[in-house]
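Structural overview for review
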Amino acid sequence: MLTNVPKGTKDIMPEQVYKWHYIENKWKEFCEKYGFREIRTPMFEHTELFQRGIGDTTDVVQKEMYTFNDYANRSITLKPEGTSPAVRAFIEHKLYAEVQPIKLYYDIPCFRYEKPQSGRLRQFHQFGIETFGTPNMMADAEIIAMGYDFLKSLGVSDLALEINSVGCPTCRANHRKALKEFLAPKYEQLCETCKSRYDKNPMRILDCKSPADQELVKGAPMMLDYLCNDCKESFEELKANLDAMEIPYTINPKIVRGLDYYTKTAFEFVTNSLGAQGTVCGGGRYDNLVEEVGGPPIPGVGFGMGKERLLMLMEANGVVIPEPACCDIFIAVMGEKAKLYGQKLQRELRQKGLKVQMDNLQRNIKGQFKYADRLNAKYTIVIGENELVEGTVTLKDMTKSEQRTVKFEDLYEEITK
Ligand code: ATP
Ligand code: MG
């Protein structure tokens, strides 16, 4: 127990972390290319933010939040998603008073008390972006395009974009009525959670994970058939924008998304390579969320992308992430004087930007070479009495098994040329 991570969490070990760095650096590069700026919000927020933001009939709020009271008896929740905190910060820092749109990105851990399985963790990690301040579908298309281009740049192939419209409160009222009529005769068979959703938020029932309920909602009225003129027009515009950018998509009228705040655009990037956890990225528009949380009526649109699922998909698609060298040069030494000189040289080369290592366990020369091998050093040198007198060393290129004599002061240039 003491030496095991809590269920649903994982250590990311040094042997793996370069893969995370790789996608994180790419993410940052893409967001900045598309004009988004990073925001960092706290790991936890007031519980009410998520109850209001995500919606209290959602699975996330009803059964998945890590909520506790702090010592001052405030209810605190570890963030289960990134949009609500971004919205809170947008309001708190009055970003609505600045030139719109406001384009933000983040890279965060999220916490949800779910049943752990492949691609489903209790602490997972998300890339996310949000555009605030424009109702124009150009913004929806822009973030979809960014997600698409980002995923393509990482070399994933087995991936499809599905889009839908979940309408607005006006058209949703009609759909809700039709949906309730459809579900009325099946009410008794619904799971307990969905029974409670029937009156409060019947659309949530479409998103229920229980297979029995999934069976019951087959043939239910779809939101897409109930869109008001404004929502219909927006959906047409979205498609026109995606077509113009030649981004392939299919329409999936079943996408409802797990969070309540979505309006109009809803989309997912899905794959067949990850079994049941096939959604790598999900997002959409939330035109009423900022107001709902206590700000002015400002629209927004964004997405969240699961980093664990992304890495799993890359692996399933055979993408090889280049592993950076961890040691440019290894300095082996013989004798006390050489050791001190080696220390000085190591520091100088590091200051110039090279990755340099030495043995600090007093291994003999054979042991030092073995260690250099373990470190996968690109070059090695040996400093002994002679080298100190002559001011030169033999520089061994370990990848080519070549060697040449180099002056101490020329080492950096020889290695970097
Ligand atoms: P799912 O339907 O798979 O539960 P979701 O709709 O709950 O996903 P979002 O809230 O939209 O997911 O989060 C965005 C992305 O974060 C998902 O597409 C997925 O890649 C990832 N994600 C969500 N929950 C988890 C989890 N528990 N473990 C790992 N990744 C997750
Ligand atoms: Mg979920």
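Further up the page is the structure itself.
Notes on the structure follow. These numbers come from a predicted model, not from an experiment.

Turning our eyes to something else, we now look at the site of ligand 1. Around ligand 1 there are 16 residues in total, and Arg112, Glu114, Arg120, Arg257 and Arg309 lie nearest to it. Between ligand 1 and the protein, one listed contact pairs an oxygen atom with a side-chain N or O atom of Arg309 at 2.9 Å. Expressed as a share of its isolated accessible area of 580 Å², the protein-covered part of ligand 1 is 92%. Sorting elements by how many residues they give to the shell around ligand 1 places strand S10 (residues 279-285) first, with 4 residues. Class assignment for the residues of the shell around ligand 1 results in 4 nonpolar, 6 polar and 6 charged.

So, about the packing of aromatic side chains. Here the structure, examined in full by the defined rule, presents 18 aromatic pairs. Each ring, one from Phe132 and one from Tyr286, has its centre 6.0 Å from the other, and the planes form 70°; the classification is edge-to-face. Taken as a pair, Phe132 in strand S6 (residues 123-132) and Tyr286 in the loop between S10 and helix H10 (289-292) lie far apart in primary sequence, 154 residues in all. According to the relative accessible area criterion, Phe132 is buried, its value standing at 0%. Between the aromatic rings of Tyr341 and Phe408, the centroid separation amounts to 4.7 Å while the plane-to-plane angle is 50°, which identifies the pairing as tilted. Taken as a pair, Tyr341 in helix H12 (residues 336-351) and Phe408 in the loop between strand S16 (402-407) and helix H15 (411-416) lie far apart in primary sequence, 67 residues in all. Judged by its relative accessible area of 24%, Tyr341 is partly exposed. Its relative accessible area of 8% is what places Phe408 among the buried residues. Taken together, the aromatic side chains of Trp27, Phe30, Tyr34, Tyr105, Phe127, Phe150, Phe267, Phe269 and Phe303 make up a single cluster linked through ring pairs.

With that settled, consider helix H4 (residues 83-92). The element H4 is largely enclosed, with a buried count of 9 among its 10 residues. When we look at burial in H4, the residues that qualify are Thr83, Ser84, Pro85, Ala86, Val87, Arg88, Ala89, Phe90 and Ile91. Taken together, the buried residues of H4 touch strand S2 (44-46), helix H2 (47-54), strand S5 (102-111), S6 and H10. Directly after H4, the chain includes Lys94, whose backbone phi takes a positive value near 50°.

When two helices pack together, their arrangement is given by the angle between the helix axes and the distance between those axes. Between helix H6 (residues 169-183) and helix H7 (residues 192-200), the least distance of the axes is 10 Å, while the angle of their chain directions is 140°. It follows that H6 is oblique to H7 by the angle criterion. Where H6 crosses over H7, the handedness of that crossing is left-handed. Each of Arg176, Lys180 and Leu183 in H6 lies in contact with H7, whose residues at this interface are Tyr198, Asp199 and Lys200. By residue class, the composition of the contact of H6 with H7 is 2 nonpolar, no polar and 4 charged.

Conventions we followed
- Counting from 1, residues in each chain are numbered in the order their sequence is written.
- Whichever chain is written first is A, and whichever ligand is written first is 1; the rest continue in order.
- Since the coordinates come from a predicted model, pLDDT governs what is reported: local features require at least 70, and pairs of side-chain atoms require 80 or more to be given and counted, while whole-chain, interface and lining totals use all residues.
- Hydrogen atoms and water are omitted, and side-chain values are computed over all heavy atoms in the structure.
- The rule for a residue being near a molecule or strand is that one of its heavy atoms must lie within 4 Å of it.
- Two N or O atoms count as a polar contact when they lie within 3.5 Å, although within protein this holds only if one can serve as hydrogen donor and the other as acceptor, and sequence-adjacent residues are included solely when both atoms are side-chain atoms.
- In short, Shrake-Rupley with a 1.4 Å probe defines the accessible areas, and a residue's cover is counted only from the protein chains shown.
- Where helices and strands are cited, they refer to DSSP runs of H or I of at least four residues and of E of at least two residues respectively, numbered from the N terminus.
- Think of it as three bins: nonpolar holds Ala, Val, Leu, Ile, Met, Phe, Trp, Tyr, Cys and Pro, charged holds Asp, Glu, Lys and Arg, and polar takes everything else, Gly as well.
- Note on aromatic contacts: the rings of Phe and Tyr and the six-membered ring of Trp form a pair at centre separations within 6.5 Å, being stacked when their planes are under 30 degrees apart, edge-to-face when over 60 apart, and tilted otherwise.
- Residue exposure (1.4 Å probe, protein chains only): buried if accessible area is under 20% of the type maximum, exposed if over 50%, otherwise partly exposed.
- Two residues qualify as a contact provided that any one of their heavy atoms is within 4.5 Å of a heavy atom in the partner residue.
- Between the N-to-C directions of two axes lies an angle of 0 to 180 degrees, each axis being a line fitted to C-alpha atoms and, for a helix, fitted only over the stretch in contact.
- Every angle not falling under 35 degrees, over 145, or within 65 to 115 is termed oblique; those three ranges are roughly parallel, roughly antiparallel and roughly perpendicular.
- If you view the pair so one helix is near and one far, a crossing is left-handed when the near helix is turned anticlockwise from the far one by less than a right angle, and right-handed when it is turned clockwise.

Worth remembering: the numbers are spatial, not functional.
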